[in-house]
Amino acid sequence: MKHFKNPFVRLLGPNVRLLLVPIAIIGIDVTLFAYLASTGYSRITKQLSEYRSAQGSEKVLSDKLEILRQVEAEISTGAESTVIALPNKNPGIFSISQLRLLSSENGFVIENLELANELRDQDVDKMDLKMDLVGQDLPSVVNFLTNIQALAPIMTISEVNIEVEKEGGWLTKMQVSIYWSSLPTTLPKIDERTQGLTQQEVQILTKVSNLKPPLFSVLEPSLPRSRSQPFN
Amino acid sequence: MGINLLPQEFKPKGYVVKLAKALNKLAIVSVAVLLATVVILLGSFIFLSQRTKSSVSNQENLRGQIQVLQATEQRLVLLKDRLKKVEKVLDLPSGKEEVEIFQEILELMPDGTNLAEAKLLKDSAQIEVAVDNLANTSQFLASVVATQGLKRVTLINFEFKPEKGYTVGLDFVK
């Protein structure tokens, strides 16, 4: 009988020998199970977290792409009109041009035009434009003052003083403020969430798009033409 | 009949045999559970890894498509920046209300009443009118008082000169 030959087995009793193998198997299984449960759970949890993070990033990118596709057609002209309404540099020349045009439409003459009081701010810079308007007609004065609000670049009326001219007619001394702001210099990161235009922004855009822009003329280069007298 | 030559002290007890059988069954079950756990854990890990890799690949694809629309994104950023600042400017006092007051008062002036001077300031409109007689002055003041939408009307000047007539100065706040 072989169990009599193994000295270790001979030391153990018959009861212990019978129970040894299943107890050993159960012990090993429990140990492995405990190890797998703890290690496996932490790894699965970590992997799940990574998966959720990747899903989140994918959603952000997908939404961003969707928004960019939606707004592509809408904003093609909108951006231009907002830059005309609030330029990135001092719009003094454009504003003066607009006021001269408006004054001539209303039968006024602009005198004593002066730019002063430049004020730099974090967001929007500002300057004052002072002028005197000489005209005959009071309703035209009101029309002029009302229509300033409809011009681009945006101007706000700071002060108006209307008095009777000695020679007849009306002398209007007024001060308007003109605004400009530097352009953004950085784009957000590609993974950053993007929003489309909000309701409020659409309303402002509509308002700005309806402002009357300055007249720009494009000078085309003239083509070469033949000279009948080349030496003249 | 066979003779059992095994000594009694080498024979396991009856209850121990039963216990061993039960433990054997338990051992088989525990091995099965362990194997099942391994399969489930491994399967989940592989599944999640694959899905994560797929998501990362999709992200690269989306980034490429967004790069193509970079010009649109620039315009959108510019537009939002401008609109935010335009809103700030539009919230400033524009003089619109003061011009409206001035226009309303001009329309209220009866015959024999002329504008002498007008000052449109940031928060108010000051208007001085010349009136030929007291009746027209009363009519004008009554019309002004009856005007809706004015927050406050202050009489700042009331003068009479025989050569000029009445001069009434009012300050309007909308």
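Keep in mind it's a predicted model, so treat the numbers as computed, not measured.

A.B. asks: What is the right way to look at helix α2 (residues 14-74) of chain A in this model?
C.D. replies: Side chains three or four residues apart in an α-helix point the same way, a direct result of the helix having 3.6 residues per turn. Here α2(A) is 61 residues long and its end C-alpha atoms lie 89 Å apart, about the 90 Å a rise of 1.5 Å per residue gives. Along α2(A), the largest kink reaches about 40 degrees and is centred on Leu20(A); proline Pro22(A) follows within four residues of it.

A.B. asks: Can you walk me through the layout of surface pockets in this structure?
C.D. replies: In this approach the atoms are scanned with a rolling probe the size of a water molecule, which exposes any empty space left behind. Here the largest pocket is characterised by a volume of approximately 490 Å³. Gln149(A), Lys207(A), Leu90(B), Ser94(B) and Lys96(B) are, among the 22 residues lining the largest pocket, the residues nearest its centre. Elements with a minimum of two residues in the lining of the largest pocket: α5 (138-148), β3 (155-164) and α6 (199-209) of chain A together with α2 (70-90) and α3 (96-108) of chain B. Quantified by volume, the second largest pocket comes out at close to 240 Å³. Contributing elements (two or more residues each) for the lining of the second largest pocket: β3 and β4 (170-180) of chain A together with α2 of chain B. Tallying contributions element by element places β3(A) first for the lining of the second largest pocket, with 3 residues. A class-by-class count of the residues in the lining of the second largest pocket yields 7 nonpolar, 3 polar and 5 charged.

A.B. asks: Just checking my understanding: could you explain the packing of aromatic side chains for this structure?
C.D. replies: The tally for this structure, following the rule as stated, stands at 3 aromatic pairs over all chains. With a centroid separation of 5.7 Å and an interplanar angle of 80 degrees, the aromatic rings of Phe108(A) and Phe144(A) are classed as edge-to-face. Of the two residues, Phe108(A) is situated in the loop between α4 (92-105) and β1 (109-119) and Phe144(A) in helix α5; the sequence distance between them amounts to 36 residues. Of the two residues, Phe108(A) and Phe144(A), neither departs from the other in class, the shared state being buried. Centroid distance Phe160(B) to Tyr166(B): 4.7 Å. Interplanar angle 45 degrees. Geometry classified as tilted.

A.B. asks: Please explain the pattern of salt bridges as it appears in this structure.
C.D. replies: Pairing is possible between side chains that carry opposite charge, provided their charged atoms lie close to one another. Going through the model one piece at a time under the given rule, you end up with 13 salt bridges over all chains. For Glu105(A), the salt bridge identified is with Lys212(A), shortest N-O distance 3.3 Å. One end of the pair, Glu105(A), is in helix α4; the other, Lys212(A), is in the segment after α6, and 107 residues separate them in sequence. Residue Glu201(A) is joined to Lys80(B) by a salt bridge in which the shortest nitrogen-to-oxygen separation is 2.9 Å. Of the two residues, Glu201(A) is situated in helix α6 and Lys80(B) in helix α2; the pairing between them involves two chains. Neither residue differs from the other here; Glu201(A) and Lys80(B) are each classed as buried.

A.B. asks: Help me understand the pairing of strand β1 (residues 113-120) of chain B in this model?
C.D. replies: Looking down a regular strand, the side chains alternate between one sheet face and the other. Inspection of the sheet shows β3(A) paired to β1(B) by 4 bridges, in the antiparallel sense. Following the sheet pairing, Val160(A) is matched in β1(B) by Leu120(B). Taken together, the 7 bridges between β1(B) and strand β2 (residues 125-131) of chain B define a ladder with antiparallel strand orientation. Bridging from a neighbouring strand, Ala118(B) pairs with Ile127(B) of β2(B). The loop that links β1(B) with its antiparallel partner β2(B) comprises 4 residues.

A.B. asks: I'm lost on the sheet that holds β1(B) in this one. Help?
C.D. replies: In a beta sheet, neighbouring strands are held together by backbone hydrogen bonds and run either parallel or antiparallel to one another. Read across the open sheet, the 8 strands follow the order β1(A)-β2(A)-β4(A)-β3(A)-β1(B)-β2(B)-β4(B)-β3(B); overall the sheet is antiparallel. Edge positions in the open sheet fall to β1 of chain A together with β3 (152-161) of chain B, since each of these has one partner strand only. Strand-to-strand twist of the sheet, defined as the mean angle between neighbouring strand axes without regard to direction, takes the value 20 degrees.

A.B. asks: Looking at this model, I keep getting lost on the nonpolar core. Mind explaining?
C.D. replies: Looking at soluble globular proteins, one finds that nonpolar side chains tend to be buried together. Among the nonpolar cores identified, the biggest contains 45 residues, and Leu145(A), Ile162(A), Met174(A), Phe102(B) and Leu115(B) are the most heavily contacted of them. It is α5(A) that contributes the most residues to this core, 6 residues altogether. For Met174(A), the residues in contact, after removing those within four places along its chain, are Leu129(A), Lys130(A), Met131(A), Leu133(A), Phe144(A), Leu145(A), Ile148(A), Ile157(A), Glu159(A) and Val160(A). Residues Val71(A), Val124(A), Leu76(B) and Leu83(B) belong to the second largest nonpolar core, which totals 25 residues.

A.B. asks: Help me out: how do you make sense of the packing of α2(A) against helix α1 (residues 14-68) of chain B in this one?
C.D. replies: A pair of packed helices can be characterised by two numbers: the angle between their axes and the separation between those axes. Where α2(A) meets α1(B), the axes come as close as 7 Å, and the angle between the chain directions of the two elements is 15 degrees. Taken together, the axes of α2(A) and α1(B) are roughly parallel relative to one another. As for how α2(A) packs across α1(B), the hand of that crossing is left-handed. Broken down by class, the residue content of the contact of α2(A) with α1(B) amounts to 32 nonpolar, 16 polar and 8 charged.

What counts as what
- Residues numbered from 1 in each chain as written.
- Chains lettered and ligands numbered in written order.
- Predicted model: local features only at pLDDT ≥ 70, side-chain atom pairs only at ≥ 80, totals over all residues.
- Heavy atoms only, no water.
- Helix = DSSP H or I, 4+ residues; strand = E, 2+ residues; numbered from the N terminus.
- Expected span 1.5 Å × (residues − 1).
- Bend = angle between axes of the 7 residues up to and from the residue.
- 1 Å grid on protein atoms, 1.4 Å probe; cavity = no way out; pocket = protein on both sides within 12 Å on 5 of 7 lines; lining within 4 Å.
- Points joined across faces, edges and corners; volume = space filled by probe spheres on them.
- Nonpolar A, V, L, I, M, F, W, Y, C, P; charged D, E, K, R; others polar.
- Phe/Tyr/Trp six-rings, centres within 6.5 Å; stacked < 30°, edge-to-face > 60°.
- Buried < 20%, exposed > 50% of the residue type's maximum accessible area, 1.4 Å probe, protein only.
- Salt bridge = Lys/Arg side-chain N within 4 Å of Asp/Glu carboxyl O.
- Pairing = 2+ DSSP bridges.
- Axes fitted to C-alpha atoms, helices over the stretch in contact; angles between N-to-C directions.
- Core = buried A, V, L, I, M, F, W, Y, C linked by side-chain atoms within 4.5 Å.
- Contact = heavy atoms within 4.5 Å.
- Parallel < 35°, antiparallel > 145°, perpendicular 65-115°, else oblique.
- Left-handed = near helix turned anticlockwise from the far one by under 90°.

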